Amino acid sequence: MQLAPMPAPGARHAVLLRDATKSYGKVGVLKNLNMNVRYGTVYGLLGASGCGKTTLLSCVVGKHELDSGSIAVMGYQPGAPGSGIPGRRLGFMPQETALYLNFTIRDTIRYFGWIYEIEASEVANRTEYLLELLELPDADVMTKNLSGGQRRRVSFAVALLQDADLLVLDEPTVGMDPVLREVIWRHLLHLSDARGKTILFTTHYIEEARQAHRIGLMRNGRLLEEGSPASLVSKHGLSGLEDVFLLLSLRQESGEPLPNTSTEHQKIENSNLELAVEETNHQGSGRSDVLMSKGLVSSGNMRALIFKNLVVASRDITHVLFAFGLLVVAVSSVYLGLGPTPRDLRLAVVNHDRGSARHDCRGPALGDAGCSYRDLSCRFLAQLHGPIILKEFYNSTEEAVEATRKGRAWGVLHFHSNFTEALVERALNSTRPSDGALEDSNIYVRLDMSNYATGLLLRQEILAAFDRFAELMLVSCGYSTKLAHNPVRINDPVYGSYPLNFLNFAAPGTLIVMMFFFGVALTVWAITAERRQGLVNRNFVAGVRSYEVLLSYLMSEFVIMTSQAVLLVSLSLFVYKFQCIGSTALAIVIIYLQGINGILLGLIISCSCDREETTNYLAIGSLVPLLLFCGIIWPVEGMDTPVRIVSVLSPLTMPVKGLRAVMARGWTILDFEVYAGLFMTFAWTVVFGLACLVIFRFKKL
């Protein structure tokens, strides 16, 4: 491993801050803070929780920028080209353990070894050394099975891994055994005294601060005073650091000037900072070849990130079941829920026809009655058969309507008292039937159309039954069946089937939505969870760049999504036989591309939110309108013009129409709806991708 060389002779300050100010909103966290940490020393930042220590360290490691003031770390401003910070010149231990729980100890060290571009043999040697030094268990133990103290030791091992010039440790020994804490302190002092390493740590333990070469006492965003523990006690003539801290705190409360905020001190800091800048310029190109960026994309970073994504996903059984088990359930549910034709739809029949022997039409079968003009209502009802409609007879239309209103039937079918006679008159005297005959020969139907699909199906079945009834009567009496045909002839459809198979209509859109949804679901919680656990910050400080995180997710989820796409298409087309009369390969491409857009949208949501609850709300809130507007429930042509414009421009509508054109019509990529769907897909891929980069860059993810 090649590290940046130490500064040129004469350089004294590893970390130097002057008038550092940092606020979050209206809350000031750092207030004109001045601090200097000399090379080769152990510097302890002592202060209570909430005084700004962690924020100060985040500025030192380059995670955040100061609102005003100046900072120089190892002779450079953090994040400047050639600084190596964030990056390999810095060993960092955050306050959180910031470890991947599905990693083993060996996986964890290997992961950061790849990021720091350390040779595999050196990583192996360092692993054994750190296991022994920190009294860690076997390297193949999963991190999630370690105690809290053991996890902190693993986190400390990561900070020591690359043997960096500067170690920044946030509360490094919290929760550790006193004996082990002493071992760690001996090691830190050895690194400083014998090897010239600089160590900056925070603590709220007075006893721990006494071991540092130099300490800074911090309160309410200001550094009250800094110096060696012994010199501070001697200077103020007190018995211990606790008394010194109390004295300076009281002075701060009373508004008295403090040593670290005096005019004389600021003049010294100004000259120190100028010296640091001069040293940086003097060293110039001597370090630039070593500290410059590792290229547009670091192979070590990408290897580590892809390894992390795949290992974390594969070792999480819940994630595996969600990614593949739920997909099987979803496809099966679509087939089983949308495929079958409705059965046993109750129809309330009121038969007042005096021409029928029994108003409930029970008795001998009427199909062979010949050319008889009796029982015409029952002969019609005999054609209203099959599994779809279940006839129930009522004595009055009021009872039948009430049954429909109560949900016991889907509609009412009513015959007038002289239906048979009127229908005979209408047929035999077709040129001049009476108005009464025209009225009484009608079959009156009232349907429950609250369920539109069911109502249309019942209407279709009643009309088809009358066609069969008319043909039967004409054949029985020696007439041509063509006399029964409506002059408007509905022939076989150009595409699709008749009667309508709703599965073939809904399946393309459902496949698109499922692939998009699972793409979102794979990544929507990823960044949020890593940020909450401090993993994003740790990766950033180690030198991982935002677009590398984005690219790694795309590449690793590509593997998972490919498996999902194969499973989805196999179940849909080969197991459940969803109709696809066009190119199966083209259908797969359209479906697959939606998964990519889903992954990108999931990353946008995940990196935009700080809490899982907010992530859930935003994910659901974005998916629901996309689902309702994309045309899988109701045709886009039925929407108002402004809504239709929004729908057409949304990520799923045109791809749904394109996939339906391929599967139901057999169209190719040369047809408008297909290439328009592909164009809209690629357009949203660009939009989502750019949005990811902007958000990642803005939030320094």
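Residues numbered from 1 in each chain as written. Predicted model: local features only at pLDDT ≥ 70, side-chain atom pairs only at ≥ 80, totals over all residues. Heavy atoms only, no water.

Undergrad: Is there a simple way to think about the overall build of the protein chain in this case?
TA: Counting secondary structure elements, the protein chain contains 26 helices and 13 strands. Taking 701 residues into account, the globule formula puts the C-alpha radius of gyration at 27 Å, and the protein chain, at 39 Å, lies well above it. On the principal axes, the C-alpha backbone points of the protein chain span a range of 125 × 55 × 50 Å. A buried classification covers 50% of the 701 residues belonging to the protein chain. (Helix = DSSP H or I, 4+ residues; strand = E, 2+ residues; numbered from the N terminus. Rg over C-alpha atoms; globule rule 2.2 N^0.38 Å. Buried < 20%, exposed > 50% of the residue type's maximum accessible area, 1.4 Å probe, protein only.)

Undergrad: I would appreciate a short explanation of the packing of aromatic side chains in the present structure.
TA: Here the distance between the centres and the angle between the planes together describe a pair of aromatic rings. In total, this model carries 17 aromatic pairs according to the counting rule given. For the ring pair Trp185 and Phe201, a centre distance of 4.8 Å and an interplane angle of 80° mean the geometry is edge-to-face. Here the residue Trp185 occupies a position in helix α5 (residues 178–195), and Phe201 occupies one in strand β7 (residues 198–203), the gap between them amounting to 16 residues. A residue is classified by how much of its surface remains accessible, and Trp185, at 1% relative accessible area, is buried. When the ring centre of Phe540 is taken as reference, the NZ or CZ atom of Lys63 above it lies at 5.1 Å. Taking NZ or CZ as reference, Arg665 lies 4.6 Å from the ring centre of Trp667, over its face. (Phe/Tyr/Trp six-rings, centres within 6.5 Å; stacked < 30°, edge-to-face > 60°. Lys NZ or Arg CZ within 6 Å of the ring centre and 35° of its normal.)

Undergrad: I tried to follow the state of the cysteines on my own but got confused; where do I start?
TA: Joining two cysteines, a disulfide is a covalent bond between their sulfur atoms. If you walk through the whole model with that rule in mind, you get 1 disulfide. Across the disulfide from Cys361 sits Cys378; the S-S distance is 2.0 Å. Disulfide Cys361-Cys378: torsion about the S-S bond near -85°, hence left-handed. Of the two residues, Cys361 is situated in the loop between β10 (345–351) and α13 (376–383) and Cys378 in helix α13; the sequence distance between them amounts to 17 residues. Overall, the relative accessible area of 21% leaves Cys361 in the partly exposed class. Its relative accessible area of 5% is what places Cys378 among the buried residues. Here Cys607 stays unpaired: no disulfide links it, and the sulfur of Cys692, its closest cysteine neighbor, is 5.7 Å away. Classification of Cys607 as buried rests on a relative accessible area of 0%. Cys580 provides the cysteine sulfur closest to Cys630, a residue in no disulfide bond, and the two sulfurs are 18 Å apart. Residue classification places Cys630 among the buried positions, given a relative accessible area of 1%. (Disulfide = S-S within 2.5 Å.)

Undergrad: What exactly am I supposed to notice about helix α14 (residues 397–405) here?
TA: Every α-helix winds through 3.6 residues per turn, so residues three or four apart in the chain are directed the same way. Regarding α14, the residues found buried are Ala400, Val401, Ala403 and Thr404. The buried residues of α14 all sit within an arc of 155° when viewed along its axis, so they share a single face. In α14, the exposed positions that point more than 90 degrees away from the buried face belong to Glu398 and Arg405. Turning to α14, the residues buried within the fold contact β10, β12 (411–415) and β13 (443–447). Positioned one or two residues after α14, Gly407 has a phi angle of 85°, which is positive. (Arc of directions from axis to C-beta. Contact = heavy atoms within 4.5 Å.)

Undergrad: It is not clear to me how a nonpolar patch on the surface should be interpreted in this structure. Could you clarify?
TA: Together, Met449, Tyr452, Leu456, Ile620, Val624, Leu627, Leu628, Phe629, Ile633, Trp634, Val643 and Val646 make up an exposed nonpolar region whose accessible area comes to about 1100 Å². Only α17 (452–476), α23 (612–629) and α24 (641–649) provide two or more residues apiece to the nonpolar patch. At 5 residues, α23 tops the list of elements feeding residues into the nonpolar patch. Its place among the elements puts Tyr452 in helix α17. (Patch = residues over 30% accessible without salt bridge, like charges linked within 9 Å, V, L, I, M, F, W, Y side chains within 5 Å. Areas by Shrake-Rupley, 256 points an atom, 1.4 Å probe, with all protein chains shown as cover. Salt bridge = Lys/Arg side-chain N within 4 Å of Asp/Glu carboxyl O.)

Undergrad: Even after reading the chapter, I still don't get the sheet that holds strand β4 (residues 68–73), so can you show me in this structure?
TA: Consider a sheet: its strands pair through backbone hydrogen bonds, and that pairing is either parallel or antiparallel. The strand order β2-β1-β4 describes an open sheet built from 3 strands, whose pairing is antiparallel. Two strands lie at the open edges of the sheet, namely β2 (27–38) and β4, each paired on one side alone. In this sheet, adjacent strand axes meet at a mean angle of 15° when their direction is disregarded. Pairing analysis gives 8 bridges linking strand β1 (residues 13–24) to β2, with the strands arranged antiparallel. Across the sheet, the residue bridging to His13 is Arg38, located in β2. (Pairing = 2+ DSSP bridges. Axes fitted to C-alpha atoms, helices over the stretch in contact; angles between N-to-C directions.)

Undergrad: For this particular structure, what's the right way to read the pattern of salt bridges?
TA: One side chain can pair with another of opposite charge once the charged atoms of both are near each other. Applying the stated rule across the entire model yields 20 salt bridges. Across the salt bridge formed by Arg88 and Glu117, the nearest N and O atoms sit 4.0 Å from each other. Taken as a pair, Arg88 in the loop between β4 and β5 (90–93) and Glu117 in the loop between α2 (105–115) and α3 (120–133) lie far apart in primary sequence, 29 residues in all. For Arg88, a relative accessible area of 18% corresponds to the buried category. As a salt-bridge pair, Asp140 and Arg106 come within 3.1 Å of each other at their nearest N and O atoms. Remark: Arg106 occurs in helix α2 and Asp140 occurs in the loop between α3 and α4 (148–160); sequence separation between them is 34 residues. Here Asp140 falls in the partly exposed class, since its relative accessible area comes to 49%. Accessibility expressed as a relative area gives 29% for Arg106, which makes it partly exposed. Taken together, the shared-partner salt bridges connect Arg89, Asp163, Asp165, Arg195 and Lys197 into one network.

Undergrad: Is there a simple way to explain α5 in this structure?
TA: Between the first and last C-alpha of α5 there are 25 Å, a value that for 18 residues agrees with the 26 Å anticipated at 1.5 Å per step. Leu180, Val183, Ile184, Trp185, His187, Leu188, Leu191 and Ser192 are the residues of α5 that are buried. Of the residues flanking the end of α5, it is Gly196, one or two places downstream, whose phi is positive at about 75°. (Expected span 1.5 Å × (residues − 1).)

Undergrad: Is there a simple way to think about the side chain of Asp170 in this case?
TA: Relative to the elements of secondary structure, Asp170 occurs in strand β6 (residues 166–170). Despite its burial, Asp170 pairs with no opposite charge, the nearest such side chain being Lys53 at 6.2 Å. At 2.5 Å, the side chain of Asp170 and the side chain of Thr202 are in polar contact. Beyond its immediate stretch of four places on either side in the chain, Asp170 contacts Thr54, Leu57, Met93, Pro94, Gln95, Arg152 and Thr202. (Lys, Arg positive; Asp, Glu negative; His and termini not counted. Polar contact = N/O pair within 3.5 Å; in protein donor to acceptor, adjacent residues only side chain to side chain.)

Undergrad: How should the side chain of Ser58 be read in this particular structure?
TA: Looking at where Ser58 falls in the secondary structure, it is placed in helix α1 (residues 53–60). Taking the relative accessible area as the measure of exposure, Ser58 reaches 12% and is therefore buried. Once residues within four sequence positions are removed from consideration, Ser58 is found in contact with Tyr24, Lys63 and His64.

Undergrad: How should I be thinking about the nonpolar core in this particular structure?
TA: Nonpolar side chains in soluble globular proteins tend to be buried together. Counting residues in hydrophobic clusters, the biggest one holds 121 residues, and the most contacted among them are Leu169, Leu188 and Phe578. Per element, the largest residue contribution to this core is 13 residues, and it comes from helix α22 (residues 584–608). Dropping the residues within four chain positions of it, Phe578 is found in contact with Val331, Val334, Tyr335, Leu503, Ala507, Leu511, Ser572, Leu573 and Met663. Counting 31 residues, the second-largest nonpolar core is a separate cluster that includes Leu45, Cys59, Leu166 and Leu200. (Core = buried A, V, L, I, M, F, W, Y, C linked by side-chain atoms within 4.5 Å.)

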